[in-house]
Amino acid sequence: MVIPDSTIVIQGASFLAMIFLLNKILIDPIRTIISKRKKLMDDQLEKIEGFNTGAADKVADYEAQLAEARKEANGIRNAAKDEGVAEEHALMSVAGKEASGTIQAARTEIQSQVKSAMDQLTKDVDKYAEQATGKILGQA
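Report follows, based on the coordinates. Predicted, not measured: the structure shown is a model, and the values here were computed from it.

Procedures and definitions
Residues numbered from 1 in each chain as written. Predicted model: local features only at pLDDT ≥ 70, side-chain atom pairs only at ≥ 80, totals over all residues. Heavy atoms only, no water. Helix = DSSP H or I, 4+ residues; strand = E, 2+ residues; numbered from the N terminus. Rg over C-alpha atoms; globule rule 2.2 N^0.38 Å. Buried < 20%, exposed > 50% of the residue type's maximum accessible area, 1.4 Å probe, protein only. Salt bridge = Lys/Arg side-chain N within 4 Å of Asp/Glu carboxyl O. Patch = residues over 30% accessible without salt bridge, like charges linked within 9 Å, V, L, I, M, F, W, Y side chains within 5 Å. Areas by Shrake-Rupley, 256 points an atom, 1.4 Å probe, with all protein chains shown as cover.

Quick look at the overall build of the chain now. Tallying secondary structure elements over the chain gives 1 helix and 0 strands in all. For 140 residues, the compact-globule formula gives about 14 Å, and the C-alpha radius of gyration of the chain, at 58 Å, lies well above that figure. Expressed along its principal axes, the backbone C-alpha trace of the chain runs to roughly 185 × 35 × 20 Å. In the chain, which comprises 140 residues, the proportion classed as buried is 1%.

So, about the pattern of salt bridges. All told, the structure shown has 2 salt bridges when counted by the stated rule. Among the salt bridges present, the one from Asp28 reaches Lys24, with a minimum N-O distance of 3.9 Å. Taken together, the residues span about one helical turn, with Asp28 and Lys24 both in helix α1 (residues 6-139) at a distance of 4 residues. Asp28 gets classed as partly exposed once you look at its relative accessible area, which sits at 25%.

A surface patch of nonpolar side chains, about 870 Å² in accessible area, is lined by Met18, Phe20, Leu21, Leu22, Ile25, Leu26, Ile27, Ile30 and Ile34. Tracing the backbone through its elements, the reader meets Leu21 in helix α1. Taking relative accessible area as the criterion, Leu21 reaches 43% and is therefore assigned partly exposed.

A few words now on the environment of Leu66. By the element assignment, Leu66 lies in helix α1. The sequence separation of Leu66 and Asp126 amounts to 60 residues, and the corresponding C-alpha distance is 87 Å.

So, on to the environment of Arg107. By secondary structure assignment, the location of Arg107 is in helix α1. As a C-alpha pair, Arg107 and Leu40 span 67 residues in sequence and 97 Å in three-dimensional space.

Here you go:
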C-alpha cells in the first residue's frame, strides 16, 4: 500500500509543471503550424475556386462570342450567296439575249445563203439540162 506523504505533492507539481512546459514548448507551436497550414489551404482552395469560376466565365464568354461570330458568318455567307444568285440571273439574261441575237443573225445569214444557192442552182439547172439534152440527142 502506498502511503501518501510530501513526495506525492512534489511529484504532482512536477507533473503539472512538465505538462505546462510541454504544452508551451511542443503542443502550442504544433497547433500554430497546423492552424497556419489550414489557413493556407483554405486560401489556396478559395483561389482555386475563384480561378475555376473565372475560367467557367471565360469559357461561357468565348462560346457566346463564337456563336455570335458563326451567326455573323452565316449572314455574310447568305448575303454573298444571294448576291451571287442575282449576278448569275443577270449574266444568264444577258447571255440569253446575246445568244438569241447571234442565233437570229445566223438564221438570217443561212437563209440568205440558201436563197443564193437556190438562185445559183436554178440558173445552173437550165444550163445542165441543155447540156444533158444535147448529149442525149447527140449520141442518139
